[in-house]
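This is what each chain is made of:
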Amino acid sequence: HILGYTERLTDLEFYFSSECAPCKDMLPKVAKLAQEHTLDFRVINAEDGDVAAKEGISSVPTVILRGVDGITELGRVVGTSMVGLTGLLREYYL
């Protein structure tokens, strides 16, 4: 089911805030997508200002798709758009 990108995809990172109700609603949906696409899934608290600044997180939830090196950002979705996240994954999967 992969479009030749097996070597390029590895991580799906979910940035959240403990006070963010939409984050809590979205988390299980994103976790399920990560599992379906065999991606390592990381949940990262963006309340840490250093983490947020380093990754350019200005709003939560934010989901970042990374390449196999765990560094290269292949794309990101800010907000609760599962359509946007599904579209991002479709760029790399059938």
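Residues numbered from 1 in each chain as written. Predicted model: local features only at pLDDT ≥ 70, side-chain atom pairs only at ≥ 80, totals over all residues. Heavy atoms only, no water.

> It is not clear to me how the state of the cysteines should be interpreted in this structure. Could you clarify?
A covalent bond bridging the sulfur atoms of two cysteines is what the word disulfide describes. Counted according to the given criterion, the structure contains one disulfide. Two residues, Cys20 and Cys23, share a disulfide whose sulfurs are 2.3 Å apart. Torsion about the S-S bond of the Cys20 and Cys23 cystine: about 80°, corresponding to right-handed handedness. Residue Cys23 is classed as buried on the basis of its relative accessible area of 2%. (Disulfide = S-S within 2.5 Å. Buried < 20%, exposed > 50% of the residue type's maximum accessible area, 1.4 Å probe, protein only.)

> Could you clarify how one ought to interpret the packing of helix H1 (residues 21-36) against helix H3 (residues 82-90) in this entry?
Two packed helices can be described by the angle between their axes and the distance between those axes. One way to put it is that H1 packs onto H3 with a least axis distance of 12 Å and a crossing angle of 15°. When the interaxial angle is binned, H1 and H3 end up roughly parallel. Judged by the sense of rotation from one axis to the other, the crossing of H1 with H3 is right-handed. From H1, Met26, Lys29, Val30 and Leu33 reach across to H3, where they touch Met82, Leu85, Thr86 and Leu89. Residue composition of the contact of H1 with H3, by class: six nonpolar, one polar and one charged. (Axes fitted to C-alpha atoms, helices over the stretch in contact; angles between N-to-C directions. Helix = DSSP H or I, 4+ residues; strand = E, 2+ residues; numbered from the N terminus. Parallel < 35°, antiparallel > 145°, perpendicular 65-115°, else oblique. Left-handed = near helix turned anticlockwise from the far one by under 90°. Contact = heavy atoms within 4.5 Å. Nonpolar A, V, L, I, M, F, W, Y, C, P; charged D, E, K, R; others polar.)

> Explain the pattern of salt bridges to me, please; I cannot follow it from the model alone.
When the charged atoms of two side chains with opposite charge come close together, those side chains can pair. As enumerated under the stated definition, the model contains seven salt bridges in all. One salt bridge in this structure joins Arg42 and Asp11, with 3.1 Å as the shortest N-O distance. Pair noted here: Arg42 is in strand E2 (residues 40-45) and Asp11 is in strand E1 (residues 9-16), with a separation of 31 residues, a long-range link. Among the ionic contacts, a cluster of salt bridges with common partners joins Asp11, Glu13, Arg42, Lys54, Glu55 and Arg66. (Salt bridge = Lys/Arg side-chain N within 4 Å of Asp/Glu carboxyl O.)

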